[in-house]
Amino acid sequence: REGSRDGAAGEVENEGRAGSSAGSSVGGLPTSSLTVSRLFGRPNSVDRSAPPPAPSPPPGPKRWAAFISHYKVEAAMEARFLQTELEVLLGRKCFLDSDDLRDLRLLQQAVRESEVLLLVQSESVLT
């Protein structure tokens, strides 16, 4: 059954499961009533009267194939190895965050100019 939405609280209730203890939930919401549009605050229906948006041109390749981030003390060698191997496999340059640490704004720009961000996981990288 279609769930109802409480606009004030922003909660989704599944009318078919009222009073039922069966089923799983995500963030307190029954998964059977969740939709991508509800999770991300998008409307559930498409306005068919509006003209479709103009297609955007396909984006060109970004400057870097990947931005590789790591905790230098724990994974410097692995990150450099990953950079070297990816550049050979992809035929494109990859940015290693320790290559240019003089201006942190340049690091932010390099992230924006990268197709993907890779984080080399090590014990203390997120602490």
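Here's a quick rundown of the structure. Source: prediction; values computed, not measured.

## Comments concerning the overall build of the chain
Stage number 1. In terms of regular secondary structure, the chain is built from three helices and seven strands.
Stage number 2. When the helices and strands of the chain are placed in sequence order, the string is β-β-β-β-α-β-α-β-α-β.
Stage number 3. Looking at the 127 residues of the chain, the share that counts as buried comes to 25%.
Stage number 4. Across the chain, the fraction of contacts at a sequence separation of at least 24, relative to all contacts at a separation of at least 6, is 55%.
Stage number 5. Summed over its atoms, the accessible surface of the chain is roughly 9600 Å², and 56% of this surface lies on carbon and sulfur atoms.

## A look at helix α2 (residues 72-90)
Stage number 1. Helix geometry: α2 is bent most strongly at E78, by close to 30°.
Stage number 2. Burial in α2 covers these residues: A75, A79, Q83, L86 and E87.
Stage number 3. Along its buried surface, α2 packs onto β5 (64-69), β6 (94-96) and β7 (114-119).

## Observations concerning the pattern of salt bridges
Stage number 1. Across all of its chains, the model carries four salt bridges by this definition.
Stage number 2. We note a salt bridge from D99 to R80, for which the minimum N-O separation is 3.0 Å. You can see D99 sitting in the loop between β6 and α3 (104-112) and its partner R80 sitting in helix α2, a full 19 residues away along the chain.
Stage number 3. The exposure class assigned to D99 is partly exposed, which follows from its relative accessible area of 40%.

## Structural notes on the pairing of β5
Stage number 1. The buried fraction of β5 is high, at six of six residues.
Stage number 2. With five bridges connecting them, β5 and β7 associate as parallel partners. Residue pairing for β7: S69 is matched across the bridge by L119.
Stage number 3. For the handedness criterion, the β-α-β arrangement of β5, α2 and β6 is classed as right-handed.

## So, the side chain of S122
Stage number 1. In this structure, S122 sits in the segment after β7.
Stage number 2. You can call S122 buried: its relative accessible area is 12%.
Stage number 3. Side-chain polar atoms of S122 contact the side chain of E74, separated by 2.7 Å.

## Here's the deal with the sheet that holds β5
Stage number 1. With parallel pairing, three strands are arranged side by side in an open sheet as β6-β5-β7. The strands lining the two open edges of the sheet, one partner per strand, are β6 and β7. With strand direction ignored, the average angle separating the axes of adjacent strands in the sheet is 20°.

## Quick notes on the nonpolar core
Buried together is how nonpolar side chains tend to be arranged in soluble globular proteins.
Stage number 1. If you look at the biggest cluster of nonpolar residues, it comprises nine residues: A65, A66, I68, A75, A79, L86, C94, L96 and V120.
Stage number 2. Taken together, the elements giving at least two residues each to this core come down to β5, α2 and β6.
Stage number 3. With sequence-adjacent residues up to four places away left out, V120 is seen in contact with I68, S69, H70, A75, A79, L82 and V125.
Stage number 4. Among the nonpolar cores identified, the runner-up in size contains five residues, and F67, F95, L107 and A110 belong to it.

## With respect to the side chain of S114
Stage number 1. Within the element layout of this structure, S114 appears in strand β7.
Stage number 2. The class for S114 is buried, based on a relative accessible area of 5%.

Each value, and the rule that gives it
Residues numbered from 1 in each chain as written. Predicted model: local features only at pLDDT ≥ 70, side-chain atom pairs only at ≥ 80, totals over all residues. Heavy atoms only, no water. Helix = DSSP H or I, 4+ residues; strand = E, 2+ residues; numbered from the N terminus. Buried < 20%, exposed > 50% of the residue type's maximum accessible area, 1.4 Å probe, protein only. Contact = heavy atoms within 4.5 Å. Areas by Shrake-Rupley, 256 points an atom, 1.4 Å probe, with all protein chains shown as cover. Bend = angle between axes of the 7 residues up to and from the residue. Salt bridge = Lys/Arg side-chain N within 4 Å of Asp/Glu carboxyl O. Pairing = 2+ DSSP bridges. Right-handed = clockwise from strand over helix to strand, strands pointing away. Polar contact = N/O pair within 3.5 Å; in protein donor to acceptor, adjacent residues only side chain to side chain. Axes fitted to C-alpha atoms, helices over the stretch in contact; angles between N-to-C directions. Core = buried A, V, L, I, M, F, W, Y, C linked by side-chain atoms within 4.5 Å.

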